Amino acid sequence: MGIKAYNVLLYLFLPIIIFFFFLRVLLGKEDKNRFLEKLCFTTKARPVGKLVWIHACSVGEVRSSYNIIKSFIKDGYKVLVTTNTYLSSLDVKNKFSDNVVHQYLPLDIKFFIKKFLKYWRPTKLILVESEIWPNVIYLANKLEIPLFLIQARFSDNSIKKWSIFGSFFKHLLGKFSLIIPQSFLDKEKLKSYTNNKMHIVANLKFSSDIPKFSTKEKNNLQKHLAKRTIISAVSTHKGEEEIIIKQIEGLISNKNILLIIQPRHPDRSNKIISLLKKQNLIFKQRSKKEVPNHTTRVFLFDTFGETGLLMSISNIIILGGTLVSIGGHNPIEAAQYGKCIVVGPYVNKIEEIVNDFLKHRAIKKIKKSEQLNYLLEKLIYDKKQLKTLSFNAKELTKKYLNTTSFIYKKIESFK
């Protein structure tokens, strides 16, 4: 399959694509105030001057790009960031205010992308992780816009799907001036699909900034937490809350232990509340400005942009996306805070990082969810081990090279 065949298929299915898009809008799965941006309508003016376009799918990818964005701003670039999700749009707004223009990426329909490129006229285009959009890549290359794929990561399933259209995938990857895999595992996966030498392997998450928080808010919360041991499940997905509660319900009946749950998507809070009520667990809700007391067993941290605050008050962090087949989220932030990190069996997205952490005794991994309660009990009552894991995690992050400036210089070398 080539780009022409791809576009023929898109045009054939366009009525169905548009139907399902508007169905998502009606179901509240798209930003109701800005959904037309995905159909290439925009009310924002293009900033004057050289502009770099960075596309990152969702929150994790956006956050890994923060320092690259700052580097471009420092060098006098205007920055356009496109994403696919509502939460990522909030993240860009919270982090950069008016310094960066945010738009939703239009559907990868040829006439949408043509219009988008003509309007924004980017100097460079950077795609993050596995964001391979054929018309975006093909049309940008046709306009001689240098293309970069950074933090490149493809799951085994993604590679398997792309392998069905191997020559087309190889053709698209050939349009990039530079491809930087985020791990040696990803480099191996991509080797047979590109002639790009991929001399550099770099993970931007290693040099990401530590999430900031309000000291005042931390002090206020700690007054109510007293000397309780805080176990925080961070960035949880559907099914994980149920697993955690089932496994450690007996443990959190101890008044000296508090479980904090922070869902990856705060709009799932009502479903989590239903689960907590079903289990007769006394809980408080952060979004309602409630604070835990001595009878609280679970604190639902259902707000956005407070991960730094949550990690700062935690003793043990269970990393979300590792107890169900999501593949895990970035453990670097928790390590930067010097926290004891626990991951489940599903770590394919962060496998190389986890292996490095395991090698340095900086993380604990369970093979199945049934081991969670035993491990947590052991960590809570073995203060020496808890302290060692926390210390090792923080020390390990100090050894990672700052890859941002290195990658930025590589990108800037292409004019």
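Residues numbered from 1 in each chain as written. Predicted model: local features only at pLDDT ≥ 70, side-chain atom pairs only at ≥ 80, totals over all residues. Heavy atoms only, no water.

**Here we look at the environment of E241**
In step 1: As for its placement among the helices and strands, E241 is situated in helix α11 (residues 240–248).
In step 2: Here the alpha-carbon distance between E241 and K271, two residues 30 residues apart in the chain, equals 10.0 Å.
In step 3: Sequence-distant contacts of E241, that is, excluding residues within four places in its chain, are made with T236, I261, P263, R268, I272 and L275.
In step 4: Within the local environment of E241, its side chain forms a polar contact with the side chain of T236, the two groups lying 2.7 Å apart. (Helix = DSSP H or I, 4+ residues; strand = E, 2+ residues; numbered from the N terminus. Contact = heavy atoms within 4.5 Å. Polar contact = N/O pair within 3.5 Å; in protein donor to acceptor, adjacent residues only side chain to side chain.)

**With respect to the pairing of strand β3 (residues 100–104)**
In step 1: Counting buried positions along β3 yields five of five residues, so the element is predominantly enclosed.
In step 2: Here five bridges tie strand β2 (residues 78–83) to β3, and the two strands are oriented parallel to one another. The partner of T82 across the bridge, within β3, is Q103. (Buried < 20%, exposed > 50% of the residue type's maximum accessible area, 1.4 Å probe, protein only. Pairing = 2+ DSSP bridges.)

**Some words on the pattern of salt bridges**
In step 1: The tally for this structure, following the rule as stated, stands at 12 salt bridges.
In step 2: Notably, a salt bridge pairs R153 with E129, separated by 3.3 Å at the nearest N-O pair. With R153 in the loop between β5 (147–152) and α7 (156–163) and E129 in the loop between β4 (124–128) and α6 (134–142), this pair connects stretches of sequence that are 24 residues apart.
In step 3: Classification of E129 as buried rests on a relative accessible area of 3%. (Salt bridge = Lys/Arg side-chain N within 4 Å of Asp/Glu carboxyl O.)

**Digging into the nonpolar core**
In step 1: Counting 44 residues, the largest nonpolar core has I132, L149, F169, L173, F176 and L190 as its most contacted members.
In step 2: If you list the elements that add at least two residues to this core, you get α1 (3–26), β1 (51–55), α5 (110–120), β4, α6, β5, α7 and α8 (166–173).
In step 3: It is α1 that provides the largest number of residues to this core, a total of six residues.
In step 4: One finds A233, L259, I316 and I366 within the second-largest nonpolar core, a separate group that totals 33 residues. (Core = buried A, V, L, I, M, F, W, Y, C linked by side-chain atoms within 4.5 Å.)

**Topic: the packing of α1 against α6**
In step 1: Put simply, α1 and α6 touch, their axes get as near as 11 Å, and they point 130° apart. In this view, α1 runs oblique relative to α6, as classed from their interaxial angle. Every pair of crossing elements has a handedness; the one defined by α1 and α6 is left-handed. Contacts from I3, Y6, N7 and L10 in α1 reach P134, N135 and Y138 in α6.
In step 2: Of the residues in the contact of α1 with α6, the class split is five nonpolar, two polar and no charged. (Axes fitted to C-alpha atoms, helices over the stretch in contact; angles between N-to-C directions. Parallel < 35°, antiparallel > 145°, perpendicular 65-115°, else oblique. Left-handed = near helix turned anticlockwise from the far one by under 90°. Nonpolar A, V, L, I, M, F, W, Y, C, P; charged D, E, K, R; others polar.)

**Quick look at the packing of aromatic side chains**
In step 1: Under the definition given, this model contains 19 aromatic pairs.
In step 2: Taking 4.8 Å as the distance between ring centres and 75° as the angle between the ring planes, the aromatic pair formed by F111 and F112 counts as edge-to-face.
In step 3: Members of the aromatic cluster, connected to one another through ring pairs, are W53, F116, Y119 and W120.
In step 4: For the cation-ring pair, K50 lies above Y77, with the distance from its terminal atom to the ring centre recorded as 4.2 Å.
In step 5: Residue placement shows K115 over the ring face of F41; its charged tip is 5.0 Å from the ring centre. (Phe/Tyr/Trp six-rings, centres within 6.5 Å; stacked < 30°, edge-to-face > 60°. Lys NZ or Arg CZ within 6 Å of the ring centre and 35° of its normal.)

**Considering the sheet that holds β3**
In step 1: Taken in spatial order, the six strands line up as β3-β2-β1-β4-β5-β6 in an open sheet, and their pairing is parallel. Two strands bound the open sheet, and with one partner strand each, they are β3 and β6 (178–181). Mean inter-strand twist for the sheet, computed between neighbouring axes without regard to direction, equals 20°.
In step 2: Packing of helix α4 (residues 86–96) onto the sheet brings it into contact with β2 and β3, and relative to β3 it is tilted by some 175°.

**Examining the side chain of Q182**
In step 1: On the secondary structure map, Q182 appears in the loop between β6 and α9 (184–190).
In step 2: Q182 gets classed as buried once you look at its relative accessible area, which sits at 6%.
In step 3: Residues contacting Q182, with those up to four places away along its chain left out, are E129, Q151, A152, R153, V201, A202, N203, K349 and E352.

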